[in-house]
Amino acid sequence: MSTKKKFRVPHSFVIVFSIIIAAVLLTWIIPAGEYARVENADGIKVIDPTQFNYIARTPVNPLLIPMYIVKAFIKRVDIMLVILFSGGAFHMLTQSGALQAVIAKLAKKFSNNLYVFIPILTLMFGLICTTQAVNMFIAFAPVMVMLALAIGLDSITGAAIILLGGAIGFSTGTLNPNTTVVAQKIAELPLYSGIGYRWVCFAVYYVITNIFLVRYALKIKKDPTKSPMYDLDQNSELRAGGGLEDFGTIDTRKVLNIIALVVSLGVIIYGSIKFGWDMPEMAAMFIWLAIISGFDSDTICKNFLEGCKKMMSAMIIIGLAQSISSIMSDGKIIDTVVHGLAGGLGSVPTLLQAPAMLIANTIINVFLTSGSGQAAAVMPILVPLSDLIGVTRQTAVLAFNFGDGFCNYILPTSTALMGIISACNIPYDRWMRFMWKMFAIWLVTGTVMLVIAQLINYGPM
């Protein structure tokens, strides 16, 4: 008897490489176009929505794909070093047994209080990400997965606490300097104006997201086989020990290692907010953490290298993803996509104009993943368009925030998403089996909040 061959989802590398090939093909299909760019009064280079021209095609040679990948690695070497060195540092901590011992204590205390435990953690990540990008927590993801596995959940729950919590803070744009501030400058709005309603959006998304996540966690705790990661989690290297008692006890050395971890993460967050630290400073801090957490010099080198090896997959994913935007940019088709979507907004009914802006920004984010870059590209179009159709400029900024932010947690081109799930050994297809429902709920929520913004004439203050 013949048997049907079961469909097998490709490896994450294959998925991203397929998107790279698709991007190259699009440069041969979509006409090349370009907006004129000018510098506004705030010194921000923006497009002039009245000056768009089709230009000579510059399709990308498929034979140059490896070169684009190499250049992408060079361009994103800073974040790759963060991932590499954080992997080494956290492996040092796990080898010392410090993380496992603390996680056992936390697990015993919170395993039966998921209604409190998960919302507290998502709130912490959400509040931090009102000013910071979620990718700053890539190195922290294995710790959350270890904790989730220890209390009978799955690795998806551990990663989702960071990704979904951070998404709420980043995507509602309450205080974000790279998206909200840039968009408001272009829209000529007072900086941080409209913050009251953005906090309302934060609260609404926070409640809805936690309801979804807690329900999922309770389902997995009741029946672990329902997890998309069930088979892989059984042999996960992040499952340290068979039970909580196997995690070991806390001694002085372990306490000092945990203090070093907390201080290092605290310094990174403080430095990022207060002094504008970026990826190089974060990478340097993880080197210090590895040194402080180590034993003798030979053991430090051995464990650090072992931890770095485990992060190679995450690094390669980020390099592959970065090459996609470079290909689209060299093919001169990003402005064409923006121009086409902006032209289609005019035919949408007035009440649905803001939700249509959300959809348009979501589509654009596939091609243009930089938040500040997307603001510079789309806001000069959305501002005059919103003036013409009766949508407030503040609502247009909110639609941009939602569109630029929330889809980052389903796109295989997102640094934050691919970095975190790769660090936790979660295949992209397994993540999407969990995440597609949450993203659909986010889109519906955003549509409702934008319609309300139009109805209340969401203004500048």
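Above this text sits the structure in question.
Presented here is an overview of the structure given in this document. (Residues numbered from 1 in each chain as written. Predicted model: local features only at pLDDT ≥ 70, side-chain atom pairs only at ≥ 80, totals over all residues. Heavy atoms only, no water.)

## What about the overall build of the protein?
The helix and strand inventory of the protein stands at 20 helices and two strands. For 461 residues, the compact-globule estimate of 2.2 N^0.38 gives 23 Å, and the C-alpha radius of gyration of the protein, at 23 Å, lies within 12% of that figure. Its C-alpha atoms give the protein principal-axis dimensions of about 65 × 60 × 50 Å. Evaluated residue by residue, the protein yields a buried proportion of 56% over its 461 residues. Residue pairs in contact within the protein that sit at least 24 positions apart in sequence constitute 80% of those at least 6 positions apart. Carbon and sulfur atoms make up 65% of the accessible area of the protein, which totals about 20,100 Å². The protein carries 32 positive and 24 negative side-chain charges, and their two centres are separated by 8 Å. (Helix = DSSP H or I, 4+ residues; strand = E, 2+ residues; numbered from the N terminus. Rg over C-alpha atoms; globule rule 2.2 N^0.38 Å. Buried < 20%, exposed > 50% of the residue type's maximum accessible area, 1.4 Å probe, protein only. Contact = heavy atoms within 4.5 Å. Areas by Shrake-Rupley, 256 points an atom, 1.4 Å probe, with all protein chains shown as cover. Lys, Arg positive; Asp, Glu negative; His and termini not counted. Charge placed at Lys NZ, Arg CZ, Asp CG, Glu CD.)

## Details of the side chain of D335
Mapped onto the fold, D335 is located in helix α15 (residues 334-345). A distance of 3.0 Å separates a polar side-chain atom of D335 from the backbone nitrogen of Y35. Discounting chain neighbours no more than four positions away, the residues touching D335 are G33, E34, Y35, R37 and F52. (Polar contact = N/O pair within 3.5 Å; in protein donor to acceptor, adjacent residues only side chain to side chain.)

## Comments concerning the packing of aromatic side chains
Under the definition given, this model contains 14 aromatic pairs. Plain terms: the ring middles of F202 and Y206 are 6.4 Å apart, the flat faces sit at 5° to each other, and that makes the pair stacked. Remark: Y206 and F202 occur in helix α9 (residues 195-222); sequence separation between them is four residues, near one turn of the helix. Here F202 matches Y206 in class, with each residue buried. Between Y205 and F406, the aromatic rings sit 4.3 Å apart at their centres with planes inclined by 25°, giving stacked as the arrangement. In this pair, Y205 is assigned in helix α9 and F406 in the loop between α18 (393-405) and α19 (415-423), connecting sequence segments 201 residues apart. Residue F406 is classed as buried on the basis of its relative accessible area of 3%. What links up through ring pairs into an aromatic cluster is the set Y205, F402, F406, Y409 and W442. (Phe/Tyr/Trp six-rings, centres within 6.5 Å; stacked < 30°, edge-to-face > 60°.)

## Points about a positive patch on the surface
On the surface, K219, K222, K226 and K437 cluster together into a patch of positive charge. Along the polypeptide, K437 turns up in helix α20 (residues 428-455). Judged by relative accessible area, which is 45%, K437 ranks as partly exposed. (Patch = residues over 30% accessible without salt bridge, like charges linked within 9 Å, V, L, I, M, F, W, Y side chains within 5 Å. Salt bridge = Lys/Arg side-chain N within 4 Å of Asp/Glu carboxyl O.)

## Things to note about the nonpolar core
Core analysis: the largest hydrophobic core is formed by 151 residues, its most contacted members being F286, M379, W431, F434, M435 and W442. Not counting the four nearest positions on each side in its chain, M379 is found in contact with A183, I186, A187, Q374, P384, A396, V397 and F400. (Core = buried A, V, L, I, M, F, W, Y, C linked by side-chain atoms within 4.5 Å.)

## Some thoughts on the environment of A36
Locating A36 in the fold gives a position in strand β1 (residues 33-39). For the pair A36 and D48, spaced 12 residues apart in sequence, the C-alpha separation works out to 5.5 Å. Setting aside residues up to four positions removed in sequence, A36 forms contacts with V46, I47, D48 and Q51.

## Considering unusual backbone geometry
Residue K332 is not a glycine yet carries a positive backbone phi of 55°. Its place among the elements puts K332 in the loop between α14 (312-330) and α15. With a phi close to 60°, N425 is a non-glycine residue in the positive phi region. Residue position: N425 is located in the loop between α19 and α20.

## What to know about the state of the cysteines
Tallied over the full model, the rule gives zero disulfides. Distance from the sulfur of C129, which forms no disulfide, to the nearest cysteine sulfur (C424) is 15 Å. There is no disulfide at C308, and the cysteine sulfur nearest it, in C301, is 11 Å away. (Disulfide = S-S within 2.5 Å.)

## A short note on the pattern of salt bridges
Under the counting rule described, the total for this entry stands at four salt bridges. Of the charged contacts in the structure, one is a salt bridge between E188 and R393, with a shortest N-O distance of 3.7 Å. Here R393 lies in helix α18 and E188 lies in the loop between α8 (180-186) and α9, a separation of 205 residues in the sequence. Residue E188 is classed as exposed on the basis of its relative accessible area, which comes to 65%. Members of the salt-bridge network, linked through shared partners, are D231, D429 and R430.

## Concerning the packing of α18 against α20
Two elements in contact, α18 and α20, have axes whose closest approach is 10 Å; the angle formed by their N-to-C orientations is 175°. Here α18 is positioned roughly antiparallel relative to α20, judged by the angle of their axes. Contact residues: α18 offers T395, L398, A399 and F402, while α20 offers G446, M449, L450, A453 and Q454. (Axes fitted to C-alpha atoms, helices over the stretch in contact; angles between N-to-C directions. Parallel < 35°, antiparallel > 145°, perpendicular 65-115°, else oblique.)

## Re the environment of F117
Locating F117 in the fold gives a position in helix α5 (residues 114-128). Its relative accessible area of 7% is what places F117 among the buried residues. Between the C-alpha atom of F117 and that of V214, which follows or precedes it by 97 residues, the distance is 9.4 Å. Ignoring sequence-local partners within four residues, the contact set of F117 consists of F110, L147 and I151.

## Comments concerning helix α2 (residues 65-75)
Taken together, the buried positions of α2 are occupied by I65, Y68, I69 and A72. Seen along its axis, α2 keeps its buried residues to an arc of 100°; they face one direction. Turned more than 90 degrees from where α2 packs its buried face, K71 and I74 sit exposed. (Arc of directions from axis to C-beta.)

## Description of the environment of T58
Mapped onto the fold, T58 is located in the loop between β2 (45-54) and α2. Sequence separation of T58 and A32 is 26 residues, and the distance between their C-alpha atoms is 7.1 Å. Within polar-contact distance, the side chain of T58 engages the backbone oxygen of D330 at 2.8 Å.

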